[in-house]
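# Results of the structural survey
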Amino acid sequence: MASYRLLSPTENRHDVRESRASRIEKSETIDASGDSEEDEGGDDEQDRMLPFRRGDVEGVAAGAQTNYQRRPWWPVATFTLACVGTIFCLTWLALSLDSLGRPEPSDLSPLEVALAAPLRRPDRDYILDPGWDFGAPNQVRTYDWVIVDKEGDPDGIQKRMMTINGQFPGPIIEVNEGDVIEVNVRNLASNATAIHWHGIFQNGSNWMDGAAGVTQCPIAPGSSYRYKFNVTGQAGTYFYHGHQGVQALGGLVGPLVIHSRDEATGQPLPYSSDRVILLQDWYYDSDNELMRDVLSPGVEDAPMPNTALINGVNQAVCTDHPSRPCSAADKLLPTLELAPGVGHRLRFLNVGGFAWFQVAVDEHNSLPILEVDGTSVEPTPGSALVIAPGQRYSTVLTADRPGTDAFWLRARTITSCFVGQEFPKDSIDEARAIVRYRAHTKRHDGEEHLPLPTTSSELSYIQTCRDMSSATSFSPSPALPAPEYADHSWYIRANLAIGDWRLQRGVMNSSSFRPSLVSPTLHRVLDGLAQNNESFIQDGVLDAAFDLTSELVISHNGAADTVDIVLQNMDENSHPFHLHGTQMWILGAGHGYFPGYEALGLRPEGKGLLDPANSSVVDNPLKRDTITAEGFGWVVLRLVADNPGIWLFHCHVIWHSEAGMGMQFLSRADIMRQWQLPEDARRLCDAPEEELRKGAVPKDEVFFGFGDDEEG
Ligand SMILES: [Cu+2]
């Protein structure tokens, strides 16, 4: 059992639990195998939570003995019991009468509750629990979500959104390493959906990965699905998002934090508070219409966002958008209230679909980094972050600047990532939040009207679009050495290409990914393996089992094959590539053509070190789940393909992934052939195809004929 050193006093724990009652419906302890059981250690646990209870009781008893030693004991005991009983009865009566006067939440349907909920989430919702029990027994953490369409105005301009429980962004999931996350999703929206848990390994639960058409059929409108998986062998900052079409853009996104067991004691940089900060680009037009437009014949540029949000908020300038319903008067910017003189952990997540962000806090030139996509790193000096869609960084900000107590936190979109494209004149390319030093934090969520910061930024605009690791050396801590020898090396070319009917599509080698929403890859693989179909068992490119023009699937059957991906970006745009289920070591990256393994200190095909005395390339390279391949550049990634399942590898720019810039890796078919797909996972596919396709990318055929007319 880990230590409880960071526990706050008992009453604080009580408050925290009360305020979180709506987040966590119930929890139960589990044993090491993940099975549920009754709370056997309950008494033991309570004793630890109330360390002074026994002593206090003994003290009272001793006092009583002194005062009443000449009287018989029973009248005192009877009187005390009578008093306690009366107080209990009166309290119960008062509570019952009080509740009679209020409408019971159960009188309202989940849809009504979600529609009535305020869209905006209070700032305090994204502060991690200060009384968190890092040593709690592993347990099932249960969340009930209703997905609803809702008119929202994150920055004042109204838009049709897709929300979880009527709020935006989604609720935080906060768990310990080894816990089980259970999310009951009830889809009351008009489009089908699937929820992907970005960065979660899903070891042994591939069908919970939430990639529509890859690991599951979408959850049709009106249907429900229970996601249940454990989070073992990983900790840090993650998120979840809709993985059908471009719906992650319209509100279906939220943070997920896994605490490591030694998080309270093992930090090289101390901090006194911990919170998540979600960054995202934001579009005013309908996401589905934008998707249809961008996939239409002759369209080559992705749509440019109208603005950017921090934790779901910004302030629009309504007069710039006379044709849109807008009221930004009540849009107070998010505020980070920080106790002065100490450090604060800020977990930045780029949950957007398109823009890279440069992030800094005015006048704070030190922003050391602790974590990169779930990998703990030696504290790495820095003053600003560059963060691609899908990436996360944890930093520690020390509230120690003299002179003033309010500063702007800025998240600025990096325009050099959009080659040849400009932001529209009326767009906002910088989202801001207020950093305020406050000794006695009163969290009134902006009810008080304090003066805004007057600080200015010294941040220079950057001219490149690369990951921070291209210029900064990150050292995972503890060290995570990569294998020296790769069993396979795959050369993958990624680009956007204009094909038939003048349709621009994302391409990997010669494949443009079209997921099958009615028959996900995982289901086909499991059926094929059950029938001993040889075409699913072979190693390498599965060209007999899949049509390579729409599904490039590469299989690794070895017990723990080491696999290299040499990713060559043949496009002027940068692409942030995300691999589901596994982290990747970055062995090298650069501009131009891949110079060959020798340039990295490795033998051809990655088969061992060139010089056995020099192993620096594999000693402790950064390991993460989302990396940027810069425009006309390359990266070499190494992974161990030991997680059984089918895993999507795709660009996290949503316009590119939905245009087909994705492929799949199949790992450990030998283990998968023993799997029995859960019935409820299979049942999602029973819905009619037109229901499953709601909110998905239109089929290419929809556009056929268009181009001919224009050209003819
Ligand atoms: Cu891309």
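These figures come from a predicted structure and were not determined experimentally.

When its secondary structure is counted, the protein shows 13 helices and 32 strands. Here the protein holds 712 residues, and 44% of them are scored as buried. Across the protein, every contact between residues at least 6 apart in sequence was considered, and the portion connecting residues at least 24 apart equals 81%.

Confidence in the prediction for the protein averages 86 pLDDT; 83% of positions are at 70 or higher. Here residues 1–26 scores under 50 on pLDDT; set against residues more than four positions off or in separate chains, the count is 37 contacts. Note on residues 97–103: pLDDT under 50 across the span, and 0 contacts to partners over four residues away in sequence or across chains.

In this structure, L279, W356, L385, I387, L567 and L637 are the most contacted members of the largest nonpolar core, which totals 164 residues. Setting aside its immediate chain neighbours within four residues, W356 contacts V386, I387, A388, T413, I414, C417 and C465.

With that settled, the discussion passes to helix α6 (residues 287–294). Owing to its 3.6 residues per turn, the α-helix aligns residues three or four sequence positions apart on the same side. Restricting attention to buried positions, one finds in α6 the residues D287, N288, L290 and M291. For α6, the angular spread of buried residues about the axis comes to 160 degrees, placing them on one side. With respect to the buried face of α6, the exposed residues turned more than 90 degrees away are E289 and D293. Where α6 is buried, its residues touch α9 (654–658).

Taken in spatial order, the 5 strands line up as β12-β20-β19-β14-β17 in an open sheet, and their pairing is mixed. With partners counted over all chains shown, the strands left at the sheet margins are β12 (335–338) and β17 (385–387), one partner each. On average, each strand axis in the sheet is inclined to that of its neighbour by 20 degrees, with strand direction left out of account. As judged from the 5 bridges shared by strand β14 (residues 357–361) and strand β19 (residues 406–413), these two strands associate in the antiparallel manner. Note on β19: the bridge partner recorded for Q358 is R412.

Backbone torsion omega between F168 and P169 reads -10 degrees, so that peptide bond is classified as cis. On the secondary structure map, P169 appears in the loop between β3 (159–164) and β4 (173–176). Cis geometry is adopted by the peptide bond preceding P478, which originates at S477 and carries an omega value of 0 degrees. Within the secondary structure, P478 is located in the loop between β20 (430–437) and β21 (488–498). Unusually for a residue other than glycine, E363 sits at a positive phi of about 65 degrees. Structurally, the position occupied by E363 is in the loop between β14 and β15 (369–372). Exposure remark for E363: the 17 C-beta atoms within 10 Å place this residue in the partly exposed category.

This paragraph deals with the environment of F407. Along the chain, the position of F407 falls in strand β19. The class for F407 is buried, based on 24 C-beta atoms found within 10 Å. Residues F407 and P453, 46 residues apart in the sequence, show an inter-C-alpha distance of 5.0 Å. When near neighbours in sequence (up to four residues on either side) are disregarded, F407 contacts V361, D362, E363, H364, V435, P453 and T455.

Our next topic: the pairing of strand β6 (residues 195–198). Of the two faces of β6, the one lined by I195 and W197 and the one lined by H196 and H198 are each fully buried. Relative to strand β8 (residues 236–242), β6 runs antiparallel, the two being bridged by 4 bridges. Bridge pairing in β8 places I195 opposite G242.

With that settled, consider the pairing of strand β32 (residues 662–667). Here β32 lies mainly inside the structure; 6 of its 6 residues are buried. Residues G662, Q664 and L666 line one face of β32 and the alternating positions M663, F665 and S667 line the opposite face, and both faces are buried. Bridge analysis of strand β24 (residues 553–556) against β32 gives 4 bridges, and the strand direction is parallel. Bridging across to β32, V553 finds its partner in Q664. Relative to β32, strand β31 (residues 645–651) runs antiparallel, the two sharing 6 bridges. Following the sheet pairing, L648 is matched in β32 by Q664.

Parameters at a glance
Residues numbered from 1 in each chain as written. Predicted model: local features only at pLDDT ≥ 70, side-chain atom pairs only at ≥ 80, totals over all residues. Helix = DSSP H or I, 4+ residues; strand = E, 2+ residues; numbered from the N terminus. Buried ≥ 20, exposed ≤ 12 C-beta atoms within 10 Å, placed from the backbone. Contact = placed C-beta atoms within 7 Å. pLDDT = per-residue confidence, 0-100. Core = buried A, V, L, I, M, F, W, Y, C linked by C-beta atoms within 7 Å. Arc of directions from axis to C-beta. Pairing = 2+ DSSP bridges. Axes fitted to C-alpha atoms, helices over the stretch in contact; angles between N-to-C directions.

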